[in-house]
Amino acid sequence: MENNINENDLPLEYPDFNKLYTFKSEIRKAPKGTWLGIRKATLGIYLTTLILSILLCVQYLICKEPNNLQNVLMSIGASGVGAALLSYFIEVAITSAERDRKVKAYNSSIISIYYNLWLIFGNGTYSYLNSIGSNEMKLNRARHFADEFIFQFKHVIPQIENFILEHGEWYDEYTVKALDDLKSQLIRYIASLQNPIDTAHLIQLLDGIRVNLRQFCNMLKMKKLFIGK
């Protein structure tokens, strides 16, 4: 006998997001906005300090018998070279750690949005509700699932808004459009679930929304939202 089971009717396994990073070439890189590992403005300060300190140290080469003032200036120059280099390497370490933290927060926000929607579209079909004999019980069960959908959608919409506010430095046009389209869909879903024609229509809405979200949140599309270091 042929197997007529529709894959969209089956529960969906939660993906292993760690596998995404095995394909680093396919993940969009977060723009650095730095030069030589630190912010350009900060680098300018360190370079200016380093150059001035080196100029002060040059007196070691041209003054055979430096006076007290020259000795003081050369000492300042020598300490300035060390301070500028030390500050630079500390800044590189801090900037790198901060970048890693922001990249992780960015991707974690995407995963959180995905997870809260997966709680909806990861379920199997709701068509079994049609087999419930009692119309009242059928409506109660369908309404229960609809309320769960609405609850999750109302939780995800602020997550999308917060993501756009918090990570404006790194997202691109594709990400903004994808999340804006998702937000608009969720708002429409809430309105539909709150105003079904009848029980049969509500059950149909549950399954239709579940399948549509599955297609919208497939991993080929979601992968484009992530960023790498």
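Scope of this entry: the structure provided in the associated data block. The model shown is predicted, which means the values in this text are computed figures rather than measured ones.

## Digging into the packing of helix α5 (residues 173–194) against helix α6 (residues 199–216)
Orientation of α5 relative to α6, taken along the N-to-C sense of each, is 175°, at an axis distance of 11 Å. Considering their axes alone, α5 and α6 lie roughly antiparallel with respect to each other. In contact with A178, D181, L182, Q185, L186, Y189, S192 and L193 of α5, α6 contributes L202, L205, L206, I209, N212, L213 and F216.

## Here's the deal with the packing of aromatic side chains
Under the definition given, this model contains 15 aromatic pairs. When the centroid spacing of 5.3 Å and the interplanar angle of 90° are considered together, the rings of F17 and Y114 count as edge-to-face. On the criterion of sequence distance, the pair formed by F17 in the segment before β1 (28–29) and Y114 in helix α3 (residues 68–121) is long-range, its members being 97 residues apart. According to the relative accessible area criterion, Y114 is buried, its value standing at 3%. Cluster of aromatic residues (ring-pair linked, three or more members): Y14, F17, Y114, Y115, W118, F121 and F226.

## Notes on the packing of helix α4 (residues 135–166) against α6
The contact between α4 and α6 brings their axes to 9 Å, and the two run at 35°. Crossing geometry of α4 relative to α6 is assigned as left-handed. Packed against α4, whose contacting residues are K138, L139, A142, R143, F145, A146, F149 and F153, the element α6 presents T199, L202, I203, L206, I209 and L213 at the interface. Of the residues that constitute the contact of α4 with α6, the class distribution is 11 nonpolar, one polar and two charged.

## Quick word on the pattern of salt bridges
With the rule as written, the count across this model stands at nine salt bridges. One salt bridge connects R210 with D9, and the closest N-O pair in it is separated by 4.0 Å. Placement of the pair is R210 in helix α6 and D9 in the segment before β1, with a sequence separation of 201 residues. Taking the relative accessible area as the measure of exposure, D9 reaches 34% and is therefore partly exposed. Notably, a salt bridge pairs K177 with D181, separated by 2.9 Å at the nearest N-O pair. With K177 and D181 both in helix α5 and four residues apart, this pair spans about one turn of that helix. Through salt bridges with shared partners, one network takes in D9, D207 and R210.

## Comments concerning a nonpolar patch on the surface
A cluster of nonpolar side chains, W35, L36, L47, I51, L52, I54, L55, V58 and I62, forms an exposed patch at the surface whose accessible area comes to about 890 Å². Ranked by residues supplied to the nonpolar patch, first place goes to helix α1 (residues 40–57) with five residues. Mapped onto the elements of the fold, W35 is located in the loop between β1 and α1.

Cut-off values and rules
- Residues numbered from 1 in each chain as written.
- Predicted model: local features only at pLDDT ≥ 70, side-chain atom pairs only at ≥ 80, totals over all residues.
- Heavy atoms only, no water.
- Axes fitted to C-alpha atoms, helices over the stretch in contact; angles between N-to-C directions.
- Helix = DSSP H or I, 4+ residues; strand = E, 2+ residues; numbered from the N terminus.
- Parallel < 35°, antiparallel > 145°, perpendicular 65-115°, else oblique.
- Contact = heavy atoms within 4.5 Å.
- Phe/Tyr/Trp six-rings, centres within 6.5 Å; stacked < 30°, edge-to-face > 60°.
- Buried < 20%, exposed > 50% of the residue type's maximum accessible area, 1.4 Å probe, protein only.
- Left-handed = near helix turned anticlockwise from the far one by under 90°.
- Nonpolar A, V, L, I, M, F, W, Y, C, P; charged D, E, K, R; others polar.
- Salt bridge = Lys/Arg side-chain N within 4 Å of Asp/Glu carboxyl O.
- Patch = residues over 30% accessible without salt bridge, like charges linked within 9 Å, V, L, I, M, F, W, Y side chains within 5 Å.
- Areas by Shrake-Rupley, 256 points an atom, 1.4 Å probe, with all protein chains shown as cover.

Spatial relationships are all this shows, so hold off on functional conclusions.
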